[in-house]
Amino acid sequence: MTDGTSEMTSLERTALYKSLGNPLRRRILDYLGRHGEANSTVLARELGESSGTTSYHLRKLAEQRLIEEIPEKSGGRERWWRALPFRHTTPDPATMTPEEYRAAAELAHLKIEFDTALYHRAHREYRGPEGWAQIQRHGTWLTREELLDFMREYHALLGRYDRPREEALDGARPVMMRFYAVPEPVGEWNGEPTGP
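The text that follows walks through the structure, step by step, so that each part is easy to find. A quick note: this is a predicted structure, and the numbers were derived from the prediction, not measured.

Of the regular secondary structure elements, the chain holds six helices and five strands. Reading the chain from its N end, one meets helices and strands in the order α-α-β-α-α-β-β-α-α-β-β. Here the C-alpha coordinates of the chain stretch approximately 70 × 45 × 30 Å along the principal axes. The contacts of the chain with a sequence gap of at least 6 include a subset with a gap of at least 24, amounting to 56%. Here the chain displays about 14,800 Å² of accessible surface, and carbon together with sulfur accounts for 53% of that area. In the chain, which carries 28 positive and 31 negative side-chain charges, the distance between the mean positions of the two groups comes to 6 Å.

With respect to the element layout, Gln-64 can be found in the loop between helix 4 (51-63) and strand 2 (67-69). A distance of 2.7 Å separates the side chain of Gln-64 from the side chain of Ser-19, its partner in a polar contact. With sequence-adjacent residues up to four places away left out, Gln-64 is seen in contact with Ala-15, Leu-16 and Ser-19.

What counts, and where the lines are drawn
- Residues numbered from 1 in each chain as written.
- Predicted model: local features only at pLDDT ≥ 70, side-chain atom pairs only at ≥ 80, totals over all residues.
- Heavy atoms only, no water.
- Helix = DSSP H or I, 4+ residues; strand = E, 2+ residues; numbered from the N terminus.
- Contact = heavy atoms within 4.5 Å.
- Areas by Shrake-Rupley, 256 points an atom, 1.4 Å probe, with all protein chains shown as cover.
- Lys, Arg positive; Asp, Glu negative; His and termini not counted.
- Charge placed at Lys NZ, Arg CZ, Asp CG, Glu CD.
- Polar contact = N/O pair within 3.5 Å; in protein donor to acceptor, adjacent residues only side chain to side chain.

What follows is the structure, given as structure tokens:
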């Protein structure tokens, strides 16, 4: 799985952000991620939509290479779909067009709402250091290069444990992980400068 950022144009990224911000498309991707595969009829039944609507959104997701048809299961008018592995890093906002920036910002707000709910759920479901829900907070002093090295190692660690559903070990469950890092504001801390 590669990060598709460098190969995408601003127009393609804008379409991606708008697509990922569409509530029904997000629900379709979530369903495929949890269940592995579905057709428009299954999705219509499970998501409370018409099969024409789910079929339209499935085609749009396929155009963006977020899902693919399963040829061995598809036949005639019945098409089965599965999610594709995908990772995307949003580029520097200063390099975005205004439309791309608006679409990325709208998607970011949706993600923040989802992640805030996930954070609260992790606290509710925490059962100690050996449980399924884990919460960690940490702070340290790093240079920018050390932070970037940490991020590369973090991505390598995720890659080591990242596997498709069909290769998951017995007893595996889908696990959502979030990470962010932000430096303290520029200024002084205990009389010492903290800015660059």
